[in-house]
Each structure stands twice: as structure tokens, then as C-alpha cells.
Amino acid sequence: MSLRQGLRSGSVQVCQSSVKKVSASILLSLPLAAILAACGGSSTPTQTTTPVSPPTSGTADERADAVLAQMTQAQKLQMVAGGVASDPNLNYAFPRGAGGWIPGIAQLSIPALYFADGSVGVAYSVGPATALPSSIASAAGWDTNAAVQYGTVIGTELSDYGINVNLGGNTNLIGREPRDGRTFETKGEDPILAGKIAAAHLEGVQAQHVIADMKHYAYNDQETGRTTANAIIDERGGRESDLLAFEIGVKDSNVQSVMCSYNLTGGTYNCENSHLLTDVLKNGWGFSGFVMSDWLATHSTVNAANAGLDQEQPDQEYFGSLGTVIQDGLVPQSRLDNMVHRILRAMFQVGLFDYPQTIQPIPAAADAAIAQQVEENGAVLLKNANGQLPLNAGVQSIAVIGSHADVAVLSGGGSAQVQPVGGPALPSVYPCPPCWSQVVWDPSSPLKAIQAMAPGANVQFADGSNPTAAASLAASSQVAIVFVSQWESEGMDLPSLNLTDLTDATPIDQDALVSAVAAANPHTIVVIESGGAVVMPWLGQVSAVLEAWYPGQNGGPAIADLLFGKANPSGKLPITFPASVAQLPRPTIPTPPDSTTPFAVNYFEGFNVGYKWYDSQGLTPLFPFGFGLSYTTFSLTNPALVNNLSSTSDPNIQVTVTVANTGAVAGAEVAQVYLGLPASTDEPPHRLVGWQKVMLQPGASQAITIEVDENDSSHPLSYWDETSGAWTLAPGQYTVYLGDSSSAASLTTVGTFTVGS
Ligand code: BGC
């Protein structure tokens with residue numbers, strides 16, 4: 001068993017809150033106070049005095065300072081490092097199934113902090129929870145209100161389990177590396193869309209009095225060699241891409257924790273990178289919460305503390321000696337006070353003192369319904385030749401093929417893995433790599449849901465392991481629906497963007513399967529369950545393609561609703577689907593020479609991430625960012641540009657347009673506004689600066705105004721000027737475009753405006 005595998009398997013328990021089971025080897029390394037707190041007792045075993053009540057009035061900062069003023073040095077040190085000493089075997093598991101834990105301080109009424117993952121639902125170790133569709137599916141909905149609900153589900157269920165810190169907000173801009181095994185956890189490739197969706201998730205979590213977290217700060221854009229990858233990128237490139245997504249997330253949501261990532265940037269580990277942590281995040285963006293390390297991502301005591309790391313996780317390997325280095329004058333006392341202030345401030349800000357949690361059952365039925373809505377809003381219809389979809393309920397025979405669609409839908413692996421309500425549908429498999437991460441099939445049957453939509457039809461299933469048998473079933477059916485899936489996980493990157501079966505003992509060549517079925521039946525529909533982009537060598541052979549992402553707890557019914565038109569697809573790609581890996585900035589993923597030596601990952605493309613890269617290179621992808629079909633048609637008429645940039649209080653531009661549903665069924669369209677900056681800025685031809693999703697009944701229309709506000713956290717009209725170190729409005733002519741995807745062909749020019757003389 002590898003160390004990391006042990007860490008994940010939780011084979012050693014500090015204490016299980018319900019049964020008070022304690023591992024002797026771990027306990028030997030714990031201070032007594034920590035043992036008692038781990039086991040649900042008090043962290044002050046000999047306490048005789050009445051606990052001091054926390055201040056009830058004042059700002060979060062004032063209340064934090066009032067508590068800080070009463071703390072001993074030992075109590076302060078307890079707050080800034082995980083609740084166990086460093087374990088050479090790296091086996092960490094904490095009460096309440098948490099992945100991290102800081103014991104409470106009873107005499108000051110400071111509650112314990114329980115940290116748990118949750119990018120797509122509550123972390124596996126905590127308990128059964130609603131498996132939401134992938135985060136990227138939420139981004140594909142292009143709907144920030146719905147994204148708040150997504151975060152609300154995570155926050156509510158964590159709170160119901162007694163977890164008060166969520167390690168969920170993965171906002172890495174994996175458009176740089178679409179083979180990244182954590183793509184499903186992210187919000188796509190565009191910094192503004194990703195930042196806004198992330199902010200909505202974080203807001204939803206924090207509204208439930210659970211501290212939310214943005215991660216992995218920053219440039220953790222590939223899993224290959226993630227602990228030693230050294231991101232090389234120029235400041236402007238970073239500010240306008242990965243850092244911009246974080247900036248929006250931090251500013252818009254008031255998130256109270258940020259996790260620094262394993263990798264290095266410009267030769268310095270991110271958890272001791274004072275430029276990233278202090279200059280940019282804290283001083284530049286005014287981040288008021290605390291920075292925690294990713295798990296075991298701390299590399300030093302003095303450098304990390306002075307650079308701006310506020311809390312080591314999950315143990316005390318380095319910050320266990322913080323007291324000593326402070327005594328030695330290597331880290332100022334004021335830094336420790338500031339770390340603790342930030343942590344307490346976060347706790348007051350989010351309501352941990354004011355709203356004690358009640359451990360209770362999760363609202364599973366209500367949350368499953370939300371999961372289904374997320375999927376129905378985020379699935380993307382990529383192809384629909386000859387109106388193949390929606391299917392008619394009167395269809396007489398349907399072949400359902402592949403991907404265990406008889407019983408389940410796929411989910412993504414790693415720390416974001418959810419233990420679905422009802423339990424996994426199939427026994428665990430641990431593919432290597434990454435070994436420590438299990439494949440979980442969520443218990444939702446597309447087959448049953450399809451049968452329910454077409455009760456009169458003969459619906460039969462072939463598992464796809466025998467392409468000839470699958471093709472023959474398809475040949476004897478009116479319609480064939482092939483489910484293909486691509487499992488991905490933290491700790492690995494995909495070997496390619498071709499479908500690779502990592503979940504079956506005898507891997508199925510799914511590309512060949514689709515081709516065989518399509519050759520047998522001209523009405524072949526492909527449903528893709530993936531964390532991100534895939535290439536489709538069979539695209540020309542099939543009549544319809546639905547990208548369902550990892551569809552979550554109610555994936556089966558959601559997919560059936562979409563296939564039969566009970567729900568009309570309205571998702572738009574938040575990530576470009578390349579025609580081949582040869583189109584990527586790095587056709588081969590940079591690999592480390594060994595497990596310890598930092599190696600360069602050169603992000604020479606700078607801010608040209610995702611569609612901006614394809615546009616800058618004149619490449620035509622398979623499907624562009626922003627693309628997605630519907631069962632109805634829309635018109636965008638009379639677009640006009642309003643220029644309010646002369647306003648000193650609220651400089652903005654506005655695009656007004658009438659969106660009409662010109663088809664026969666209700667549906668939603670996403671009107672997308674892109675901006676071309678003056679040529680002198682060397683920006684890509686157009687960048688997304690605003691959008692609005694509009695739901696319309698057939699024949700209905702709505703006049704909308706999309707405002708692009710220069711004072712917004714997204715700096716939509718500006719570029720990062722390296723000389724002044726500031727966002728700057730360049731003089732020259734700007735062009736405003738409107739369309740339904742990022743592809744130049746789908747954009748119309750709304751107007752131009754000029755800045756300066
Ligand atoms: C992951 C984080 C996660 C942490 C705790 C790390 O390996 O990179 O995303 O929050 O573990 O589980």
C-alpha cells in the first residue's frame with residue numbers, strides 16, 4: 001500500500017466519533033488535549049472554569065480580535081496546524097469522517113473545525129450523500145442562480161453531518177490541460193465563467209454556515225507530477241487566466257478560505273509563495289480569510305509562515321515548530337496573531353459561533369431533485385442530425401448499450417468522490433493508476449428511466465463487451481442508444497482524449513463499439529459520461545450526441561428526460577472539445593524526471609487558454625466553447641450597444657437584444673457577449689465578457705440587457721499592464737460581439753466603441 005493510498009483508505013483512524021475507536025499508533029503521537037477532542041471530549045481535560053462566551057457583537061474582525069486577545073500562545077499554535085502530529089505512514093482520518101480537523105478550545109467556546117471535501121457533493125468518508133452532477137455540468141448550465149443551489153446542497157449536507165469547512169471550490173483552469181484527471185471538479189476553461197460559477201457555489205456553501213474554500217491556488221492544471229510541477233507563466237498571462245478566476249471567486253463570494261496547491265510557480269512552492277499568497281491574494285485582492293495548505297503541501301516552517309500560509313494541513317510537520325521559530329525571531333509574533341485572526345475571522349464571518357450545527361439526516365429526496373435539475377440544465381446536445389432527438393414515446397424498440405447503463409451512471413474519482421445515497425451500484429474497482437482512488441457507479445439506471453419514458457417499447461440492454469452482439473441488437477431495434485464513459489480521477493491524467501475504459505477488468509474499445517453499432521443502425525445516439533472533453537472518431541457515423549458529464553444521483557431519469565424531450569437541452573460547453581490532442585498547447589503532457597525534482601511546465605500560451613488558444617492559432621476544434629444545441633430554435637434580433645463608459649461611478653457597456661423562441665417547444669438559450677480589444681493589446685480576437693440564460697415558451701420573446709461593468713471583479717474591458725502592475729483600459733477601438741458560442745462564425749458584431757482619442 002502506498003502512503004497516499006493509506007491516506008485515502010483511512011486504514012488508521014484517530015477516532016470514530018460514533019464508536020470511539022482509536023488507533024494506538026496515532027494516539028501515541030497526539031497531545032492529550034487532542035486525543036480527548038478527537039474522541040468528542042473536551043480539549044481542556046482538567047477544565048474547572050466556566051467557558052468564556054464568544055463576543056456577540058461587532059464585525060467579524062472585531063470579534064476575532066476579542067477572542068485572540070484572550071488566547072495563550074499554545075492555543076494560538078493549536079489553530080494553525082492540523083490536529084495530529086506528523087504521521088510517518090501518512091494515515092490520517094478524523095472524527096465525523098473529516099479529512100482534516102482542528103480541535104476546539106472549550107474554555108474560549110471556539111468550536112472544532114472539521115474539514116471535508118465536496119466539489120460535487122459531500123466527501124465519501126463523511127457518509128452517504130447526494131451525488132451531484134460534476135461541477136463542470138453546473139458550469140455548463142451557465143446559470144449562477146442554479147449554481148448557488150448546487151453549493152447549497154453541498155453546504156446543507158455537510159452541515160447535517162457536522163462538517164464546518166468544505167474543501168470544495170476547485171477552480172483550476174484545466175483548459176490548459178483537458179486530459180487533467182480533475183476536470184470534472186472544475187468549472188471549465190474561461191476565467192470569467194469559471195470564476196462566476198465558482199463564486200456561486202461558494203456562496204451557496206457559506207450561506208449554510210460552512211466555511212467554503214477555493215482551490216488549488218494556483219496553476220494546478222495537471223495531475224501528472226502535481227507535487228513537483230513548476231508552472232512557468234508571465235504575470236500578465238496569469239492575471240488574465242487562472243488568477244482571474246480565483247480573483248472573481250474570492251471577491252464575489254467572500255469565500256473565507258483558500259487552499260494553496262502542491263505545485264510550484266516560478267520556482268517556489270505555492271504554499272510558500274509570497275507573491276501568490278500575500279502580494280496577490282491578500283494585499284491585492286483583499287482576501288480576508290485564511291490560506292490552508294493542500295494536504296501535505298507545506299514544505300517549510302519559516303518560509304511558509306512568512307510567505308502567508310495561515311494553516312498547515314492535515315498535520316503539524318512544519319507548523320508544529322512555529323512556536324520555536326517565533327521564539328528564535330525567525331517569524332514575527334504578529335504573523336502568528338494574524339494567522340489566528342484570519343481563521344477566527346472566517347469562523348465569525350460564516351457564522352460558526354452563531355449557528356451551532358445540528359447533526360441530522362440529509363434532505364436526500366429534495367437534493368436528488370436538485371441534482372436532476374442540474375443535469376437537465378447542464379447536459380449539452382452536441383449533434384442532432386435530422387431531428388433524431390427527442391425520441392418519440394411511441395418508439396417500438398430501443399437498444400440500450402454499454403457503460404453499465406442497466407444499473408448505473410459513472411462518477412469521478414479522488415477526494416471529490418461522493419458515496420451516493422443508496423450506495424454504489426457496482427463493486428469497487430481500483431484502477432492503476434491512480435490506485436488509491438476507486439471507481440464509483442452511482443445507482444441510477446438510464447435503462448429503467450428510458451423504459452419508463454416509452455412504456456410500450458421493447459427496451460433491451462447489451463453491455464457492450466461484445467460489439468458484434470451489441471450491433472446485432474442495434475440492427476433489430478428502431479433506435480440504438482450507446483452509453484460511453486470515460487472515468488477520470490484526482491492523481492492521474494488521461495492518457496488521451498479518446499475513450500479509454502479504465503473501469504472494466506477487460507477494457508471495452510468504446511470507439512469501436514460505437515462504430516459497430518452505428519454501422520448496424522442509422523439511428524444511433526451516443527450519450528457520453530465524461531469529466532470533460534473527448535474526441536469522437538465516430539462523430540460522422542452517428543445521428544445524435546449528448547454530453548451528459550458525470551450525471552449524478554438522478555442521472556438516469558435526467559438523461560431519459562433529455563432524450564425524450566421532457567427536458568430540452570440547454571447546456572453550453574464550458575470547455576472546448578479539441579479535434580485531437582495535436583491541437584493542444586502541449587500535445588504531450590510534461591512529465592517529471594522523478595518524484596522529487598521540480599520540473600518545468602511552461603504555460604507559454606499565457607492567457608490564451610481554451611478557445612483563446614484555438615483562436616490565436618487559427619485552429620478549428622471539434623466543438624467550440626459555448627456551443628450547445630436545443631430542440632427548439634432561437635433568434636437574437638436587434639442587438640444594440642449602449643456605451644456608458646464615461647460614467648465615473650459605473651462605467652459599463654450594455655448589449656440589448658431580443659431573444660425569441662422561434663421553434664415549437666419551450667427551451668432556454670444563452671446569449672453570449674464577447675469583446676475584441678484594440679489590436680495593440682495583443683489579446684485574443686474575442687473574450688467572453690457577459691451572458692444571460694433566457695427560458696422561453698414557444699413563440700415567446702424577451703428583451704434583455706447584458707451589462708458589462710468595468711468595475712466588476714472580472715475586469716472585462718481591461719488588460720493587465722505589467723508596467724503599472726494594474727488592470728488598464730487600453731486606448732483604441734473595441735468590438736462587441738453577440739452569439740451562441742465562441743466560434744467566430746456564430747458571432748455577429750453588435751457595435752464598436754473607442755477609448756481615448
Ligand atoms: C487534494 C485536495 C483535497 C485534499 C483533502 C488533496 O490530495 O488535492 O483537493 O481537498 O487532498 O482531501
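Computed from a predicted structure; not experimentally measured.

### Some points on the overall build of the protein chain
- Tallying secondary structure elements over the protein chain gives 20 helices and 28 strands in all.
- The C-alpha atoms of the protein chain give a radius of gyration of 26 Å, which matches the 27 Å a tight globule of 757 residues would have.
- When the backbone C-alpha atoms are referred to their principal axes, the protein chain occupies close to 75 × 70 × 50 Å.
- When burial is assessed residue by residue, the protein chain has 62% of its 757 residues classed as buried.
- Expressed as a percentage of contacts within the protein chain between residues at least 6 apart in sequence, the contacts between residues at least 24 apart total 75%.
- When the accessible surface of the protein chain is totalled, it reaches about 24,800 Å², and 52% of it is carbon and sulfur.

### Section: the domain arrangement of the protein chain
- As far as domains go, the protein chain holds domain 1 (371-576) and domain 2 (632-755).
- When each unit is reduced to the centre of its C-alpha atoms, the spacing between domain 1 and domain 2 is 34 Å.
- Each partner contributes to the interface: domain 1 provides four residues, whereas domain 2 provides ten residues.
- Looking only at domain 1, the three residues that lose the most surface to domain 2 are Asn568, Ser570 and Lys572, adding up to 93% of its buried area.
- On inspection of domain 1 and its partner domain 2, the count reaches one salt bridge.
- The partner of Lys572 in a salt bridge is Glu669, and the shortest N-O contact between them spans 2.8 Å.
- Between the two partners, domain 1 and domain 2, sit four residue pairs in polar contact (both at pLDDT 80 or more).
- Of the residues contributing to the side of domain 1 that touches domain 2, the split by class is no nonpolar, three polar and one charged.

### So, the sheet that holds strand β2 (residues 113-117)
- Spatial ordering of the open sheet is given by β1-β2-β3, a layout of three strands whose pairing is mixed. Only two strands of the sheet have a single partner each, and these edge strands are β1 (100-102) and β3 (165-167). Neighbouring strand axes in the sheet, compared pairwise and without regard to direction, differ in orientation by 20 degrees on average.
- Bridge count between β1 and β2: three bridges; the pairing is antiparallel. Within the sheet, the bridge partner assigned to Gly100 lies in β2 and is Phe115.

### Quick notes on the packing of aromatic side chains
- Summed over the entire model, instances satisfying the criterion amount to 17 aromatic pairs.
- Look at Tyr92 and Phe94: their rings are 6.4 Å apart centre to centre, the planes differ by 5 degrees, and that puts the pair in the stacked class.
- When its relative accessible area of 4% is taken as the criterion, Tyr92 is described as buried.
- The exposure class of Phe94 is buried, given its relative accessible area of 2%.
- Where Tyr217 meets Trp285, the ring centres are 6.0 Å apart and the plane angle is 65 degrees; that geometry is what we call edge-to-face.

### Some points on the state of the cysteines
- Scanning the entire structure with this criterion turns up two disulfides.
- Between the sulfur atoms of Cys260 and its disulfide mate Cys271 the distance is 2.1 Å. Measuring handedness by torsion sign, the sulfur bridge of Cys260 and Cys271 sits at about 110 degrees and is right-handed. On the criterion of sequence distance, the pair formed by Cys260 in strand β7 (residues 257-260) and Cys271 in the loop between β9 (268-269) and α11 (274-284) is long-range, its members being eleven residues apart. Each member of the pair Cys260 and Cys271 is classed as buried.
- Between Cys432 and Cys435 runs a disulfide, and the two sulfur atoms are separated by 2.3 Å. Between Cys432 and Cys435, the disulfide has an S-S torsion of 130 degrees and is therefore right-handed.
- Residue Cys432 is classed as exposed on the basis of its relative accessible area, which comes to 60%.
- The connectivity of the disulfides in the protein chain is 1-2, 3-4, where the numbers refer to bonded cysteines in sequence order.

### Section: the sheet that holds strand β19 (residues 599-602)
- The four strands are arranged β9-β8-β6-β19 in an open sheet whose pairing can be described as mixed. On the outer flanks of this sheet lie β9 and β19, each paired with one strand and no other.

### Notes on the side chain of Gln553
- Along the chain, Gln553 falls in the loop between β18 (544-547) and α19 (555-564).
- Judged by its relative accessible area of 8%, Gln553 falls in the buried class.
- Beyond its immediate sequence surroundings of up to four residues, Gln553 is in contact with Ala129, Thr130, Ala131, Ala368, Ala371, Pro420, Val421, Asp442, Pro443 and Ser444.

### Looking at the nonpolar core
- Met71, Met79, Ile110, Tyr217, Leu344 and Met347 are the most contacted members of the largest nonpolar core, which has 106 residues in total.
- Top element by residues in this core is helix α14 (residues 333-350). It accounts for nine residues.
- Non-local contacts of Tyr217, meaning those with residues more than four positions away in its chain, are made with Leu243, Phe246, Val258, Met259, Cys260, Ser261, Asn270, Leu276, Leu277, Val280, Leu281 and Trp285.
- Val380, Ala399, Leu499 and Val542 belong to the second largest nonpolar core, which has 35 residues in total.

### Topic: the packing of helix α7 (residues 144-160) against helix α8 (residues 191-206)
- Direction vectors running N to C along α7 and α8 enclose 40 degrees, while the axes themselves pass 6 Å from each other. The angle between α7 and α8 places the two elements in the oblique class. Crossing of α7 over α8 shows right-handed handedness. Contacts between α7 and α8 involve Thr144, Ala147, Val148, Tyr150, Gly151, Thr152, Ile154 and Gly155 from the first element and Lys196, Ile197, Ala200, His201, Glu203, Gly204 and Val205 from the second.
- For the contact of α7 with α8, a count of residues per class yields seven nonpolar, six polar and two charged.

### A look at the packing of helix α15 (residues 364-378) against α19
- The contact between α15 and α19 brings their axes to 9 Å, and the two run at 40 degrees. Considered as vectors, α15 and α19 are oriented oblique to each other. α15 and α19 meet at a crossing whose hand is right-handed. On α19, the residues that touch Gln372, Glu375 and Glu376 of α15 are Pro557, Ala558, Ile559, Asp561 and Leu562.
- By residue class, the composition of the contact of α15 with α19 is four nonpolar, one polar and three charged.

Definitions and limits used
- Residues numbered from 1 in each chain as written.
- Predicted model: local features only at pLDDT ≥ 70, side-chain atom pairs only at ≥ 80, totals over all residues.
- Heavy atoms only, no water.
- Helix = DSSP H or I, 4+ residues; strand = E, 2+ residues; numbered from the N terminus.
- Rg over C-alpha atoms; globule rule 2.2 N^0.38 Å.
- Buried < 20%, exposed > 50% of the residue type's maximum accessible area, 1.4 Å probe, protein only.
- Contact = heavy atoms within 4.5 Å.
- Areas by Shrake-Rupley, 256 points an atom, 1.4 Å probe, with all protein chains shown as cover.
- Domains from an automatic or database assignment.
- Buried area = accessible area lost by both parts, 1.4 Å probe.
- Salt bridge = Lys/Arg side-chain N within 4 Å of Asp/Glu carboxyl O.
- Polar contact = N/O pair within 3.5 Å; in protein donor to acceptor, adjacent residues only side chain to side chain.
- Nonpolar A, V, L, I, M, F, W, Y, C, P; charged D, E, K, R; others polar.
- Pairing = 2+ DSSP bridges.
- Axes fitted to C-alpha atoms, helices over the stretch in contact; angles between N-to-C directions.
- Phe/Tyr/Trp six-rings, centres within 6.5 Å; stacked < 30°, edge-to-face > 60°.
- Disulfide = S-S within 2.5 Å.
- Core = buried A, V, L, I, M, F, W, Y, C linked by side-chain atoms within 4.5 Å.
- Parallel < 35°, antiparallel > 145°, perpendicular 65-115°, else oblique.
- Left-handed = near helix turned anticlockwise from the far one by under 90°.

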